[in-house]
Amino acid sequence: MTEQGTTARRTPHRRDGGGSRGFEIVLIAVYGIFALSATARSLVQVLRDFSFAPVAYGLSLVAALTYIAVTVALVRGGRRSPLARVLCLLELAGVLIVGTLTVLDPQLFPDATVWGHYGRDYGYVPLLLPVIALAYMVLARRSGPVAAAGPR
């Protein structure tokens, strides 16, 4: 076995020159799970009785589409994707706005939404997920090729 073959096996595959993609894969998996669950929930709500709570059900559909978009952006562009960063900021804004509206004007939301009460029905993960994703993306930017090169 050659020295080059041994080195190649020990070094994890890196798309962007940064560290291991382990956490990124977990983040993509969590977003994928939320994309599926939010889509299923919103489709059932919309198809079952949209007229009962159109604002709540419409916002659940927006949440589902957001999770799908973030998942795709992370898969295609990784943790340094500008699109993923923008989508996570929009997601966080959505959670904060919808969460606040559900507290201030509960009559506007006669049924639960994915982002209602800051994601209470999902263990507040909808509130934490974009914060964690954005923090991870910021750290990935800091550990770019210059920082990864080490001391001179």
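Not measured: the values here are computed from a predicted model.

A. Quick look at the nonpolar core. Ranked by size, the top nonpolar core spans 30 residues in total, and within it Leu27, Tyr31, Tyr67, Leu74, Cys88, Val114 and Trp115 carry the most contacts. When residues of this core are traced back to their parent elements, those giving at least two are α2 (22-49), α3 (54-77), α4 (82-104) and α5 (125-142). Ranked by residue count, the leading element in this core is α3, at eight residues. Filtering out sequence-adjacent residues up to four positions away, Leu27 remains in contact with Leu74, Leu129, Ala133 and Tyr136.

B. Broad picture of α4. A rise of 1.5 Å per residue sets the reference length of α4, with its 23 residues, at 33 Å; its end C-alpha atoms lie 33 Å apart and thus fit the reference within 8%. Contacts made by the buried residues of α4 are with α2, α3 and α5. Its side-chain oxygen 3.3 Å from the backbone nitrogen of Leu83, Ser81 forms the N-cap of α4.

C. Fine view of the packing of aromatic side chains. In this structure the tally under the stated criterion is five aromatic pairs. Aromatic pair Phe23 and Tyr136: ring centres 4.9 Å apart, planes at 55 degrees, arrangement tilted. Taken together, the residues Phe23 in helix α2 and Tyr136 in helix α5 connect sequence positions 113 residues apart. Under the relative-accessibility criterion, Phe23 is labelled partly exposed at 40%. The exposure class assigned to Tyr136 is buried, which follows from its relative accessible area of 15%. Ring centres 5.5 Å apart and planes at 45 degrees place the aromatic pair Phe34 and Tyr122 in the tilted group. Taken together, the positions of Phe34 in helix α2 and Tyr122 in the loop between α4 and α5 put the pair 88 residues apart, joining distant regions of the chain. Cluster of aromatic residues (ring-pair linked, three or more members): Tyr31, Phe34, Tyr67, Trp115 and Tyr122.

Rules behind the numbers
- Residues numbered from 1 in each chain as written.
- Predicted model: local features only at pLDDT ≥ 70, side-chain atom pairs only at ≥ 80, totals over all residues.
- Heavy atoms only, no water.
- Core = buried A, V, L, I, M, F, W, Y, C linked by side-chain atoms within 4.5 Å.
- Buried < 20%, exposed > 50% of the residue type's maximum accessible area, 1.4 Å probe, protein only.
- Helix = DSSP H or I, 4+ residues; strand = E, 2+ residues; numbered from the N terminus.
- Contact = heavy atoms within 4.5 Å.
- Expected span 1.5 Å × (residues − 1).
- Polar contact = N/O pair within 3.5 Å; in protein donor to acceptor, adjacent residues only side chain to side chain.
- Phe/Tyr/Trp six-rings, centres within 6.5 Å; stacked < 30°, edge-to-face > 60°.

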